[in-house]
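Results of the structural survey
Each chain, written out:
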Amino acid sequence: QQQVKQSPQSLIVQKGGISIINCAYENTAFDYFPWYQQFPGKGPALLIAIRPDVSEKKEGRFTISFNKSAKQFSLHIMDSQPGDSATYFCAARAGYGGSQGNLIFGKGTKLSVKP
Amino acid sequence: ETGVTQTPRHLVMGMTNKKSLKCEQHLGHNAMYWYKQSAKKPLELMFVYNFKEQTENNSVPSRFSPECPNSSHLFLHLHTLQPEDSALYLCASSQDRGSLEQYFGPGTRLTVT
């Protein structure tokens, strides 16, 4: 059972455009929602994260929008650049229970930004 | 070296072989993790160690055997693997179990023939 659903699977954006990746979750016990960025040949690295009591968080060109009632959150990349081309994973952290602290990842979105 | 390192970076092994993957973290963290990354699938958590003690085994087949001799080193011993075990195996560490940020190594690309 996939607890974090991510879409789209792949995304092609022109340089300067806005990239939007969406995630939805089912478990209300999640207490932290990070996004990880992975370049080819590298491991994932934390990009930006949000807690469920905040509706939006912005860091530079990257913004997370969080809709707690809809159980959805999204990553927006403004003024997308070719260097942003990577695979992006959303994740959710289990807040309690036997899996407390574990990260549950989405399937990933491969972003290609065309010059 | 800094961060999380993994060796080897690539490994090809037959189904009857025995091999080991190594992970080392230079961050002073107390928790370490093994993940499996397959194409078009979410990262799958395999094992969690906190202060050298295994705190989670996510229903992983016994042909995968983890070892954590100290907080800086983590091994994944492999034996009698199947072709479907071919994947990228990622090691990660965090300050403590459940810390907000996990730091990943570059992974070992494993191919089982």
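Our structure's up above, just so we're on the same page.
Quick summary incoming for the structure in this document. (Residues numbered from 1 in each chain as written. Chains lettered and ligands numbered in written order. Predicted model: local features only at pLDDT ≥ 70, side-chain atom pairs only at ≥ 80, totals over all residues. Heavy atoms only, no water.)

1. Some words on the packing of aromatic side chains
Going by this rule: Two aromatic rings, drawn from Phe, Tyr or Trp (for Trp, its six-membered ring), form a pair once their centres lie within 6.5 Å of each other, and the interplanar angle then sorts them: stacked below 30 degrees, edge-to-face above 60, tilted otherwise. A run of H or I in DSSP becomes a helix once it reaches four residues, and a run of E becomes a strand once it reaches two; helices and strands are each numbered from the N terminus. Residue burial is assigned from relative accessible area. The probe radius is 1.4 Å, only protein chains are included, and a residue is buried under 20% of its type maximum, exposed over 50%, and partly exposed in between.
Inspection of every chain in the model, using the stated rule, returns 17 aromatic pairs over all chains. Residues phenylalanine 105 of chain A and tyrosine 35 of chain B carry aromatic rings whose centres are separated by 5.8 Å and whose planes lie at 90° to one another, so their mutual orientation is edge-to-face. Linking phenylalanine 105 of chain A in strand 10 (residues 103-105) with tyrosine 35 of chain B in strand 4 (residues 31-37), this pair reaches from one chain into another. Here phenylalanine 105 of chain A falls in the buried class, since its relative accessible area comes to 2%. For tyrosine 35 of chain B, a relative accessible area of 0% puts it in the buried group.

2. Notes on the interface of chain B and chain A
Using the following cut-off: The contact criterion used is simple: two residues touch if any of their non-hydrogen atoms lie within 4.5 Å. As used here, buried area is the combined drop in accessible area, with a 1.4 Å probe, of two parts when they are placed together. Salt bridges are counted wherever a side-chain nitrogen of Lys or Arg sits within 4 Å of a carboxyl oxygen of Asp or Glu. Here a polar contact is recorded for every N or O atom pair within 3.5 Å, except that within protein the pair must consist of a potential hydrogen donor and a potential acceptor, and residues adjacent in sequence are included only if both atoms are side-chain atoms. Ten residues, namely Ala, Val, Leu, Ile, Met, Phe, Trp, Tyr, Cys and Pro, are considered nonpolar, four, namely Asp, Glu, Lys and Arg, are considered charged, and the remaining ones, Gly among them, are considered polar.
Taken together, the contact between chain B and chain A spans 21 residues of the former and 21 residues of the latter. Approximately 1,700 Å² of surface area, both sides summed, lies buried where chain B meets chain A, with 51% of it carried by carbon and sulfur atoms. For the pair chain B and chain A, the number of links is zero salt bridges. Applying the counting criterion to the chain B and chain A interface returns eight residue pairs in polar contact (both at pLDDT 80 or more). Looking at the side of chain B that touches chain A, the elements that each hand over two or more residues are strand 4, strand 5 (44-50) and strand 9 (87-94) of chain B. The class makeup of the residues in the side of chain B that touches chain A is ten nonpolar, five polar and six charged.

3. Observations regarding the sheet that holds strand 1 (residues 4-7) of chain B
All names here are of chain B. Applicable threshold: Only strands joined by at least two bridges in the DSSP assignment are considered to pair. Helix axes are fitted only over the stretch in contact, all axes being lines through C-alpha atoms; the angle between N-to-C directions runs from 0 to 180 degrees.
Overall, antiparallel pairing links the four strands, which are arranged 1-3-8-7 in an open sheet. Two strands lie at the open edges of the sheet, namely strand 1 and strand 7 (64-70), each paired on one side alone. On average, each strand axis in the sheet is inclined to that of its neighbour by 20°, with strand direction left out of account. Bridge analysis of strand 7 against strand 8 (residues 73-79) gives five bridges, and the strand direction is antiparallel. Looking at the pairing, asparagine 70 lines up with histidine 73 of strand 8.

4. What about the side chain of serine 80 of chain A?
Residues and elements named next belong to chain A. Positionally, serine 80 belongs in the loop between strand 8 (72-77) and strand 9 (86-94). Judged by relative accessible area, serine 80 falls into the buried class, the value being 0%. A distance of 2.8 Å separates the side chain of serine 80 from the side chain of serine 19, its partner in a polar contact. Leaving out residues up to four positions away in the same chain, serine 80 has contacts with Val13, Gln14, Lys15, Gly16, Gly17, Ile18, Ser19, Arg61 and Val113.

5. Re the sheet that holds strand 7 (residues 62-67) of chain A
All names here are of chain A. Read across the sheet, five strands follow the order 1-3-8-7-6 without closing on themselves; strand pairing throughout is antiparallel. Only two strands of the sheet have a single partner each, and these edge strands are strand 1 (4-7) and strand 6 (56-59). Pairwise comparison of adjacent strand axes, ignoring direction, gives a mean angle of 15° for this sheet. As paired elements, strand 6 and strand 7 share four bridges and run antiparallel to each other. Each bridged residue has a counterpart across the sheet, and for lysine 57 the counterpart in strand 7 is isoleucine 64.

6. With respect to unusual backbone geometry
For the bond from serine 7 of chain A to proline 8 of chain A, the omega torsion is -5°, close enough to zero to count as cis. Counting through the fold element by element, proline 8 of chain A comes out in the loop between strand 1 and strand 2 (10-14). The residue after threonine 7 of chain B, namely proline 8 of chain B, is reached through a cis peptide bond having omega -10°. Examined against the element boundaries, proline 8 of chain B turns out to sit in the loop between strand 1 and strand 2 (10-13). Despite not being glycine, phenylalanine 51 of chain B has its phi angle at roughly 50°, a positive value. Position of phenylalanine 51 of chain B among the secondary structure elements: in the loop between strand 5 and strand 6 (53-57).

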